[in-house]
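Each chain is listed here by its residues.
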Amino acid sequence: MAIRSKTFRESYYEDIKLLQTIWIKFWMGLFLVGRAILPFVGDPYIIYLVNISCIATVAAIGLNILTGFTGQISLGHAAFFAIGAYCTAILSNRLQMPFWVCLPASGTLTAFIGMLVGIPCLRLKGLYLAMATMSFGVVIEYLVITWEEVTSGVRGISVPTLDLFGYPLDSNNKLYYFLIAITALAIIAATNLLRTRVGRAFVAIRDRDVAAEVIGVNLTYYKVLAFTISSLYAGVAGGLYSYAMNYVHPEHFTFLLSVQYLAMIIVGGLGSILGSIIGAVFITIMPEFIKALAELLTSFIPALADKYDDGWNIAAFGLLIILFLVFEPKGLFGIWGRIKTCFKNWPYTY
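These numbers come from a predicted model, not from an experiment.

Caption draft 1: Layout of the overall build of the protein chain. If you tally the helices and strands in the protein chain, you get 15 helices and 4 strands. The buried share of the protein chain, taken over its 350 residues, is 43%. For the protein chain, contacts bridging at least 24 residues in sequence account for 75% of all contacts bridging at least 6.

Caption draft 2: Expanded view of the side chain of S230. Take S230: it is sitting in helix α11 (residues 219-245). Within the structure, the side chain of S230 is placed 2.8 Å from the backbone oxygen of G62, a separation counted as a polar contact. If we ignore the near neighbours within four places in the chain, the residues touching S230 are G62, L63, L66 and H77.

Caption draft 3: Looking closely at the packing of aromatic side chains. Counted under the stated rule, the structure contains 12 aromatic pairs. Relative to Y261, the ring of F81 has its centre 5.8 Å away and its plane inclined at 55 degrees; by these criteria the two rings are tilted. In this pair, F81 is assigned in helix α4 (residues 77-93) and Y261 in helix α12 (residues 255-268), connecting sequence segments 180 residues apart. Residues F81 and Y261 agree in their burial class; the two are buried. Through a chain of ring-to-ring contacts, the aromatic side chains of F81, Y86, Y241, F253 and Y261 assemble into a single cluster.

Caption draft 4: Looking closely at the nonpolar core. Counting 91 residues, the largest nonpolar core has F81, F178, F202 and F253 as the members making the most contacts within it. Those residues in contact with F81 that sit more than four places away from it in its chain are I55, A59, A234, A237, G238, Y241, F253, L257 and Y261.

Caption draft 5: How the structure looks around the pattern of salt bridges. On inspection of all chains with the given rule, the structure shows 4 salt bridges. Put simply, K125 and D209 hold a salt bridge, and the shortest N to O gap is 2.7 Å. You can see K125 sitting in the loop between α5 (99-118) and α6 (126-146) and its partner D209 sitting in helix α10 (residues 209-214), a full 84 residues away along the chain. A salt bridge links D207 to R206, with the shortest nitrogen-to-oxygen separation between them at 3.1 Å. R206 gets classed as partly exposed once you look at its relative accessible area, which sits at 34%.

Caption draft 6: A nonpolar patch on the surface, seen in detail. Together, L274, F333, I335, W336, I339 and F343 give the surface a local cluster of nonpolar side chains, amounting to about 570 Å² of exposed area. Ranked by residue count, the leading element in the nonpolar patch is helix α15 (residues 331-345), at 5 residues. Residue position: F333 is located in helix α15.

Caption draft 7: Representation of the packing of helix α3 (residues 44-69) against helix α13 (residues 273-300). Where α3 meets α13, the axes come as close as 7 Å, and the angle between the chain directions of the two elements is 135 degrees. Viewed along their axes, α3 and α13 adopt a mutual orientation that is oblique. Remark: the crossing between α3 and α13 carries right-handed chirality. Where α3 approaches α13, its residues Y45, L49, I52, S53, A56, T57, A60, I61, N64 and F69 are matched on the opposing element by I273, S276, I277, A280, V281, T284 and E288.

Caption draft 8: Geometry of the environment of I278. Structurally, the position occupied by I278 is in helix α13. By relative accessible area, which is 26% here, I278 ends up partly exposed. A sequence separation of 221 residues divides I278 from T57, and the C-alpha atoms of the two residues are 8.4 Å apart.

Caption draft 9: Main features of the side chain of S258. Residue placement: S258 occurs in helix α12. Separated by 3.0 Å, the side chain of S258 and the backbone nitrogen of A78 make a polar contact. Once residues within four sequence positions are removed from consideration, S258 is found in contact with L75, G76, H77 and A78.

Caption draft 10: View of the confidence of the model for the protein chain. In the predicted model, the protein chain carries a mean pLDDT of 84, and the fraction of residues at 70 or more is 87%. Segment residues 1-6: pLDDT under 50, and 1 contact once partners within four positions in sequence are set aside and those in other chains are kept.

Caption draft 11: How the structure looks around the packing of α3 against α12. Closest axis-to-axis distance for the α3/α12 pair is 9 Å, and the angle between their directions is 75 degrees. Classed by the angle they form, the pair α3 and α12 counts as roughly perpendicular. Of α12, the residues touching α3 (which contributes A56, A59, A60, L63, N64 and T67) are Y261, L262, M264 and I265. Looking at the contact of α3 with α12 residue by residue, the classes come out as 8 nonpolar, 2 polar and no charged.

Caption draft 12: Region of the structure containing unusual backbone geometry. One non-glycine residue with positive phi stands out, namely S152, at about 65 degrees. Note on placement: S152 falls in the loop between α7 (148-151) and β1 (157-158). The phi dihedral of N246 is positive, around 60 degrees, even though this residue is not glycine. By secondary structure assignment, the location of N246 is in the loop between α11 and β4 (247-248).

Caption draft 13: The arrangement of the environment of Y167 in detail. By the secondary structure assignment, Y167 is in strand β3 (residues 167-168). If we skip the residues at most four places from it in the chain, Y167 touches L162 and K174.

Caption draft 14: Up close: α6. For α6, which comprises 21 residues, the first-to-last C-alpha distance of 31 Å matches the rise-based estimate of 30 Å (1.5 Å per residue) to within 8%. Here α6 has its buried residues at L129, A130, T133, F136, G137, I140 and V144. Projected down its long axis, α6 shows its buried positions confined to an angular sector of 125 degrees, all on one face. Pointing more than 90 degrees away from the buried face of α6 are the exposed residues L127, Y128, V138 and Y142. Among the structural elements, α4, α5, α7 and α11 are those in contact with the buried residues of α6.

About the criteria used
Residues numbered from 1 in each chain as written. Predicted model: local features only at pLDDT ≥ 70, side-chain atom pairs only at ≥ 80, totals over all residues. Heavy atoms only, no water. Helix = DSSP H or I, 4+ residues; strand = E, 2+ residues; numbered from the N terminus. Buried < 20%, exposed > 50% of the residue type's maximum accessible area, 1.4 Å probe, protein only. Contact = heavy atoms within 4.5 Å. Polar contact = N/O pair within 3.5 Å; in protein donor to acceptor, adjacent residues only side chain to side chain. Phe/Tyr/Trp six-rings, centres within 6.5 Å; stacked < 30°, edge-to-face > 60°. Core = buried A, V, L, I, M, F, W, Y, C linked by side-chain atoms within 4.5 Å. Salt bridge = Lys/Arg side-chain N within 4 Å of Asp/Glu carboxyl O. Patch = residues over 30% accessible without salt bridge, like charges linked within 9 Å, V, L, I, M, F, W, Y side chains within 5 Å. Areas by Shrake-Rupley, 256 points an atom, 1.4 Å probe, with all protein chains shown as cover. Axes fitted to C-alpha atoms, helices over the stretch in contact; angles between N-to-C directions. Parallel < 35°, antiparallel > 145°, perpendicular 65-115°, else oblique. Left-handed = near helix turned anticlockwise from the far one by under 90°. pLDDT = per-residue confidence, 0-100. Nonpolar A, V, L, I, M, F, W, Y, C, P; charged D, E, K, R; others polar. Expected span 1.5 Å × (residues − 1). Arc of directions from axis to C-beta.

If you want it as structure tokens, here you go:
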């Protein structure tokens with residue numbers, strides 16, 4: 001008598017469902033309930049960190065689509081993030097536009113600029129592509145500081161409180177649910193995109209672009225499309241950031257931000273949406289652990305009190321990237337996958 005497998009799929013619809021088992025649905029429901037009640041029981045600073053993690057997740061997913069799924073290395077993600085943030089700030093501050101105009105406009109503008117950047121980068125790979133995107137980031141950082149007629153230079157631009165159809169989101173608790181909803185939409189959109197023909201073309205280009213071209217994948221179209229989608233996500237994340245901070249300044253969009261996003265997808269897991277989420281949360285809260293560690297060290301060695309600065313964070317990001325590339329290339333997502341497989345196969349070893 002045949003034994004029915006618990007993971008047996010009887011239709012294509014069952015195979016493409018995002019929540020395929022009752023246990024996944026249970027844990028997802030529990031997670032959503034926990035998210036819903038968090039503002040009522042959580043510390044205000046925890047809510048702030050969750051909000052920043054949501055914004056970082058949207059941006060990290062965009063970079064992972066370009067780097068993790070398509071194999072196009074980018075060190076200029078902070079530039080697209082800055083373009084989205086300044087677009088939202090200018091439209092909302094100077095033109096008094098509502099968020100449902102500012103946010104799509106920011107995403108559209110950055111997507112268009114991403115397409116323009118992607119076209120001349122078509123023939124670049126590896127280190128050369130990384131240098132080209134990093135140079136673009138330097139140019140944008142320079143323009144943000146010097147183009148004072150538009151960006152107000154080092155004075156920055158204040159951003160009005162986000163007004164959701166007459167209801168002002170003037171606190172982190174009120175902004176929390178809005179950011180959770182936008183992040184959920186971004187995750188669902190990316191997950192479904194990568195399960196389509198477009199997503200499979202991205203992965204084919206990453207694995208072997210010559211072979212992908214031989215089987216009919218249009219390299220020019222899909223590489224530019226990857227840049228466009230990645231920039232769209234970064235622009236939307238930048239717009240959300242400007243609303244969350246109520247202020248944008250050139251110091252918010254330095255090269256360190258691009259390094260942080262790269263660390264998010266490497267630590268979380270290249271080529272994984274869940275890895276982007278895990279990496280974004282981990283890298284967002286990591287400076288808090290570094291700060292706590294620095295305070296602990298300075299309590300024993302007072303001479304270190306004057307030496308703590310952002311350089312510690314930069315060193316930590318660099319060290320994390322090296323360690324994960326050497327010892328765990330699949331990131332935290334790979335570790336989670338092995339743990340899940342271990343529990344699934346228990347008590348057997350195969």
